[in-house]
Amino acid sequence: MHATNKPFNIDKRLVYEAYKAVKSNRGAAGVDEQTIEQFEADLSGNLYKIWNRMSSGSYFPPPVRAVPIPKKSGGERILGVPTVADRVAQMVVKQVIEPILEPIFLADSYGYRPNKSALDAVGATRARCWKYDWVLEFDIKGLFDNIDHKLLLRAVRKHITCKWALIYIERWLKAPMVKEDGTTIERNCGTPQGGVVSPILANLFLHYAFDAWMARTHPDLPWCRYADDGLVHCRSEPEAKALKAELQARLAECRLEMHPTKTRIVYCKDDNRRGQYPNVKFDFLGYCFRPRHVRRMRDNVLFGGFNPAVSPAALN
């Protein structure tokens with residue numbers, strides 16, 4: 001169960017539990033082209049290698065495989081796919097750091113967290129759109145590609161004291177990426193979208209870049225964030241415009257960029273809200289929020305509300 005002659009004391013059962021989690025998530029092969037089925041052909045031997053190298057401090061991650069996938073808005077997004085063995089190693093570290101980081105995350109951060117879902121975020125947003133007239137819809141351009149390593153590691157070291165977890169997180173951040181044509185790309189920023197530890201690291205970065213900043217500077221404005229997509233509910237258009245400028249400056253401080261075309265100010269128009277404005281709808285997590293006719297349950301009367309339904313892009 002425990003190493004007696006290794007620099008780091010890593011429980012073998014932790015490695016086995018990590019393998020089970022990786023297997024349940026499936027996923028493509030990495031640069032070594034090894035599938036999960038091939039990895040399982042010598043399961044005990046492969047798991048022992050991971051445990052032995054991580055326990056001795058000699059585990060160095062292989063490059064991640066760059067896989068382009070189409071984006072809904074056009075163009076391509078690059079996923080970084082680790083090998084099966086590396087996904088197991090990353091899952092070992094995730095299992096160690098997640099119980100430490102989860103308690104510090106705020107309730108309105110929904111992405112990639114246990115016991116939280118996109119539908120939870122949609123439900124909270126639906127209720128808030130009835131109470132607040134305006135929404136600042138924002139998107140962070142290339143979040144996973146542009147996270148600053150120095151700032152991220154400062155946040156990681158603030159909460160994580162496990163020495164071997166810190167060593168391997170830093171090595172994963174620096175692991176190169178191999179493109180489809182065989183070209184190797186060295187990385188000095190970002191954490192590959194597709195890696196096992198990347199989502200929790202991105203959440204930690206945005207916890208300080210956005211979540212905690214909002215709680216500190218605008219405690220009266222409710223917000224909701226799912227990874228790099230977020231919303232802030234405002235009481236007036238001038239308030240939303242001022243917040244947009246503030247948030248743009250805040251993200252720039254953290255070496256991130258607000259997406260110029262995906263960031264908008266939206267009026268949550270319904271029968272009780274007067275005035276004509278150009279933006280009266282927004283898409284969030286596969287749902288389109290816009291003015292809709294709905295039937296009131298208590299008296300069966302139709303009225304104009306501001307509600308979500310599946311978006312045309314998600315239907316397609």
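Just so you know, the residues in each chain are numbered from 1, in the order the chain's sequence is written. Thresholds applied to this predicted model are a pLDDT of at least 70 for local features of residues and 80 or more for the giving and counting of side-chain atom pairs; totals over whole chains, interfaces and linings are not thresholded and use all residues. Side-chain metrics rest on all non-hydrogen atoms present in the structure, leaving aside hydrogens and water.

### Brief notes about the pairing of strand S3 (residues 134–139)
Remember that side chains alternate between the two faces of the sheet whenever the strand is regular. Applicable threshold: Whether a residue is buried, partly exposed or exposed follows from its accessible area with a 1.4 Å probe, protein chains only, as a fraction of its type maximum: under 20%, in between, or over 50%, in that order. The secondary structure listing takes helices from DSSP runs of H or I that are at least 4 residues long and strands from runs of E that are at least 2 residues long, numbered from the N terminus. By definition, two strands form a pair when at least two bridges between them are found by DSSP.
Within S3, six of the six residues are buried, which leaves the element mostly enclosed by the surrounding structure. By the alternation rule, side chains of S3 split into Trp134, Leu136 and Phe138 and Val135, Glu137 and Asp139, which are all buried. With six bridges connecting them, S3 and strand S7 (residues 229–234) associate as antiparallel partners. Within the sheet, the bridge partner assigned to Val135 lies in S7 and is His233. Pairing of S3 with strand S8 (residues 264–267) involves four bridges; the strand directions are antiparallel. In the strand pairing of S8, Glu137 is matched with Arg264.

### Focus: the sheet that holds strand S5 (residues 184–185)
The pairing of strands in a sheet comes from backbone hydrogen bonds and takes either a parallel or an antiparallel form. Strand order in the open sheet formed by four strands is S2-S1-S4-S5, with mixed pairing between adjacent strands. The strands lining the two open edges of the sheet, one partner per strand, are strand S2 (76–81) and S5. Of the pairings in the sheet, the one linking strand S1 (residues 64–70) to strand S4 (residues 177–178) comprises two bridges and is parallel in character. Within S4, the residue paired with Arg65 across the bridge is Val178.

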